[in-house]
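# A structural walkthrough
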Amino acid sequence: MPTYKIFDGKVILRIRNTICDTPEELLSTRIFHDVFKRYIESLTKSNSKLLRVFGPDKHVTEAQIDLIIDMLKLLVKLPADVVRKVSTESAVFFEDKALLNDFVEQFYNYWRSLHRLVVCESIGDRFDQRPYRTFNDTVETLMHVVRSTYRDLQENITGAHPNIYRQVSAGAEIAAIARPLPIPYPNTVYRKLNNISVTTQVLIYPPMIFETPMNKRSGVFQKVDYNPLENVQIDPKEWMCYPAKVGELLILVYFSVRFFELGFSLSNLFELANGSELDRQPDAVYMYGVPPAGPHEKGVNETIFFDDTENNLMVATIPFRDEYAYFGYLKKMILTLHNIIMLKRGRFPYHGAMFHLVLRDKGAATFLVMGDSGAGKSETLEAMRQMIRDEVEEIVIIADDMGSLDIDEQGRVIGYGTEMGAFVRLDDLQSGYAFGQIDRTIIMNPDQVNARVVLPVTKYAEVVRGYPVDFVLYANNYDVVDEGHPVIRTFASAEEALDVFRAGAVMSKGTTTTTGLVNSYFANIFGPPEYVPEQEAAAKRFFKAFFDQGLLVGELRTQLGVSGMEHAGPEVAAQALLDVILQRARQ
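This section reports on the structure supplied with the text. (Residues numbered from 1 in each chain as written. Predicted model: local features only at pLDDT ≥ 70, side-chain atom pairs only at ≥ 80, totals over all residues. Heavy atoms only, no water.)

### Digging into the nonpolar core
With 85 residues, the main nonpolar core has Tyr286, Phe348, Leu405, Phe501 and Phe543 as its most contacted residues. Of all the elements, helix α9 (residues 327-344) adds the most residues to this core, at 11 residues. Aside from chain neighbours lying at most four places away, what touches Phe348 is Met370, Gly403, Ser404, Leu405, Phe522, Gln535, Ala538, Ala539, Phe542 and Phe543. With 57 residues, the next largest nonpolar core counts Ile65, Ile68, Val104 and Leu114 among its residues. (Core = buried A, V, L, I, M, F, W, Y, C linked by side-chain atoms within 4.5 Å. Buried < 20%, exposed > 50% of the residue type's maximum accessible area, 1.4 Å probe, protein only. Helix = DSSP H or I, 4+ residues; strand = E, 2+ residues; numbered from the N terminus. Contact = heavy atoms within 4.5 Å.)

Here it is in structure tokens:
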């Protein structure tokens, strides 16, 4: 029998076999009774007129709830007039059919207002072998049963068919096939994680809209000298695991089910590892939503990570608190772990966008645009996408926010990404692109400052392919373009370039709690600061390689932080980039 949990406007339904496939079965389930009771409680709290369906006294008893559910079981099969005769005790519910119809309508809306997750708990490989059939037999079935129950009830109440049918998502918003897997962890500190189900397939119904308690990130991620997993007590049913492919790395992200809408939003950002990819020890482990030790003490940093050099593992934890209920805490910690590992492997991690531009019969070029959040990297890329003309054959996105650089045996600088998706400000997206992709997006806090969307933008194969870099630019969002400040300013030496890139200046766009013109080391506070010596050594080596290889190294003025230039600025920057590559192609 399916088990379920309801909390904070969310529903988690765990199943191991089939799910109810008829309206009668649905109305007889315990979860239906529980959700219906909560619906009545919400009506009571708001003193809703819909409670008059029970009669003049708005105080609803358990017996009345049981009676109306029994009536609904008849009503889903029979017209209202027949039900009224068959069940004389139900006559009170039909005194005002219009009111009863509204009552059912609002219950349907109440159910749909809940964030809904279905977890198909696989035993062995039973669910994994044919995931589409699994989702079809469970999640799709649930959606059709809920929708048909609602429609049968309304048609039997009104005695009429609607003229317009709206196929809204009425089942689950998110579904996952998951099972415990024997991840080859080095010791018992880590092996306790193997009791947590690992996600092997995900089904989402975008567009999805989530409201989270926080819409900004604050503070830094701090290195500690102890393994935070040692004292974490784990209830496996309270956790899920999303095994993320972060570039070429495998990072197992464990998240509290109370954060499931954030955890599964990773599916629009990082490719899901599966099969033999999970037969090895991961490069990092991240637990998002661990039980807090107590009230948050002022001045104590709880967003922490540990470098387990003995076991060659990075570990990170963030407590379950509303102040951390923001997707940025998930994504940015993952990228912090990525950056540390890349530095330890001799690569140069960058905070920026990288894309490969293919010209029709005129060659190709790869651009790396570094800059902090809100500098205009993604916005310039989206503007470039909108400007594809006859001479541009293709734009391949390698990285939208972060990646790493390597130097191959030929001395070439090779660029890699981390994500196949983007986490960008809704306001800064080009409107045409935003609406063109709306059916694939996850939207967070759309009515607030720093509203964000998570959407896929490229293929994982392009993220890890490795492209030789031709242009390295710093995104300057605060300078106004004029005669003395061209859109693209080139640097004459590695030292001159390092001064600008190292300063990491940006006009804050409100994506964190900072405001005004701020600086961060290499525009990347996720470096992190404990690894500045390694970052500095890598920067000097790679910037020397930029100039040794004859790359164009400069500064790109996006004007994204200039009032009134939020859209025009990135468009001008995109046009300048296109002009530069066309000019080089003609040489």
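### What to know about the packing of helix α13 (residues 494-503) against helix α14 (residues 532-548)
Packed helix pairs are specified by the crossing angle of their axes together with the interaxial distance, meaning the distance between the axes. Running from N to C, α13 and α14 point in directions that differ by 130°, and their axes come no closer than 10 Å. Here α13 lies oblique to α14, going by the angle between them. Crossing hand, α13 versus α14: right-handed. Of the residues in α14, those in contact with Ala494, Ala497, Leu498, Phe501 and Arg502 of α13 are Glu536, Ala539, Lys540, Phe543, Lys544 and Phe547. In the contact of α13 with α14, the residues fall into seven nonpolar, no polar and four charged. (Axes fitted to C-alpha atoms, helices over the stretch in contact; angles between N-to-C directions. Parallel < 35°, antiparallel > 145°, perpendicular 65-115°, else oblique. Left-handed = near helix turned anticlockwise from the far one by under 90°. Nonpolar A, V, L, I, M, F, W, Y, C, P; charged D, E, K, R; others polar.)

### Digging into the pattern of salt bridges
What the rule picks out here adds up to 31 salt bridges. The salt bridge partner of Asp401 is Lys331, with a shortest N-O separation of 3.0 Å. Taken together, the residues span a long stretch of sequence, with Asp401 in the loop between β16 (392-399) and β17 (402-407) and Lys331 in helix α9 at a distance of 70 residues. On the basis of relative accessible area, Asp401 is assigned to the buried category, the value being 7%. Linking Glu419 and Lys331 is a salt bridge whose minimum nitrogen-to-oxygen distance equals 3.1 Å. Here Lys331 lies in helix α9 and Glu419 lies in the loop between β18 (413-417) and β19 (421-425), a separation of 88 residues in the sequence. Residues participating in the shared-partner salt-bridge network are Glu248, Arg280, Asp283, Arg345, Arg347 and Asp406. (Salt bridge = Lys/Arg side-chain N within 4 Å of Asp/Glu carboxyl O.)

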